[in-house]
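Observations on the three-dimensional arrangement
Here are the chains, one letter per residue:
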Amino acid sequence: VVAYADSPIAAFKAEYVALRNNSEVARTTIQLSENADSTWTLRTTTTGTSTLAKMAGLDVAEESTVRWVDGRPETLAYDFRQDMAFKNRQRHGDFDWDAKQVHMVDGKSDVRYDLVPYTIDRHALTLALAADLSRSSDRFEYKVAHKKGIEDVRYSECGEARMIVPAGTFATRCLERVREKRTSKSWFDGANGWVPVQIEQTESKGDVITLKLVSIEG
């Protein structure tokens, strides 16, 4: 039996309201749980609540299984599924650390490429950010496995703020990633184990997708 390191982030289940330009469109659940073999699974599910989202049959599930190495996550397996009335998408990644290879299947794309230490999938980024905050890191740089290779991803600090969300008021630290077509920001609360209080993505055309914390279970 392989002995994996303990997770620096405690198990949790958090519920969020998902907004598009300040109008509710869905509800999202993010859950981190420990498995019997001492690996950990981060699972995010989203179900549409607005009339349009219900008509489209919005149903999204994303799951990352990770191990912990030096207080940082490494992905072992990744799955993504999106079921809508007019579009179904699936993505799957196997991370073979013995062979040091990723096998990523994304639609019709089926690619294998080399692994490097501390590689994660894009869904596990939230977990990696929380882990680095928990150990007072001042560098937020990650190796992220994508469709055809590993991308260098960097976040920067964007200050401390008191955030008011449906779950209450929280003292948070903000991290952001700025790209050509979108900007992502996440606000984390240290008093609640660095669970994200709010996650926001601003698209190039100005649309803003926001997750706001509604409730959390430890």
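Residues numbered from 1 in each chain as written. Predicted model: local features only at pLDDT ≥ 70, side-chain atom pairs only at ≥ 80, totals over all residues. Heavy atoms only, no water.

Some points on a negative patch on the surface
A contiguous patch of negative charge, built from Asp79, Asp94, Asp96 and Asp98, is present on the exposed surface. With respect to the helices and strands, the residue Asp98 is situated in the loop between strand E6 (88-96) and strand E7 (101-106). (Patch = residues over 30% accessible without salt bridge, like charges linked within 9 Å, V, L, I, M, F, W, Y side chains within 5 Å. Areas by Shrake-Rupley, 256 points an atom, 1.4 Å probe, with all protein chains shown as cover. Salt bridge = Lys/Arg side-chain N within 4 Å of Asp/Glu carboxyl O. Lys, Arg positive; Asp, Glu negative; His and termini not counted. Charge placed at Lys NZ, Arg CZ, Asp CG, Glu CD. Helix = DSSP H or I, 4+ residues; strand = E, 2+ residues; numbered from the N terminus.)

Regarding the nonpolar core
Formed by 51 residues in total, the largest nonpolar core has its most connected members in Ile9, Phe95, Tyr142 and Tyr155. Ranked by residue count, the leading element in this core is helix H2 (residues 125-134), at seven residues. If we ignore the near neighbours within four places in the chain, the residues touching Ile9 are Leu32, Trp40, Trp68, Leu127, Ala130, Ala131, Ser134, Gly193 and Trp194. (Core = buried A, V, L, I, M, F, W, Y, C linked by side-chain atoms within 4.5 Å. Buried < 20%, exposed > 50% of the residue type's maximum accessible area, 1.4 Å probe, protein only. Contact = heavy atoms within 4.5 Å.)

Digging into the pairing of strand E12 (residues 168-178)
Here strand E11 (residues 150-165) pairs with E12 via eight bridges, running antiparallel. Counted as the bridge partner of Ala161 is Thr172 from E12. Counting the residues between successive antiparallel strands, the hairpin from E11 to E12 contains two residues. Pairing geometry for E12 and strand E13 (residues 182-189), over six bridges, is antiparallel. The residue bridging Arg173 from the neighbouring strand is Phe188, located in E13. (Pairing = 2+ DSSP bridges.)

Some thoughts on the layout of surface pockets
Counted as a void, the largest pocket has a volume near 1,700 Å³. Lining the largest pocket are 41 residues, with Glu62, Phe80, Gln201, Glu203 and Ile209 positioned closest to its centre. Across the lining of the largest pocket, the residue classes tally to 18 nonpolar, 11 polar and 12 charged. (1 Å grid on protein atoms, 1.4 Å probe; cavity = no way out; pocket = protein on both sides within 12 Å on 5 of 7 lines; lining within 4 Å. Points joined across faces, edges and corners; volume = space filled by probe spheres on them. Nonpolar A, V, L, I, M, F, W, Y, C, P; charged D, E, K, R; others polar.)

Focus on the state of the cysteines
By the definition in use, this model includes one disulfide. Here Cys158 engages in a disulfide with Cys174; their sulfurs sit 1.9 Å apart. Its S-S torsion of about -75° marks the bond between Cys158 and Cys174 as left-handed, since a negative value means left-handed. Of this pair, Cys158 sits in strand E11 while Cys174 sits in strand E12, and the two are 16 residues apart along the sequence. Taking relative accessible area as the criterion, Cys174 reaches 3% and is therefore assigned buried. (Disulfide = S-S within 2.5 Å.)

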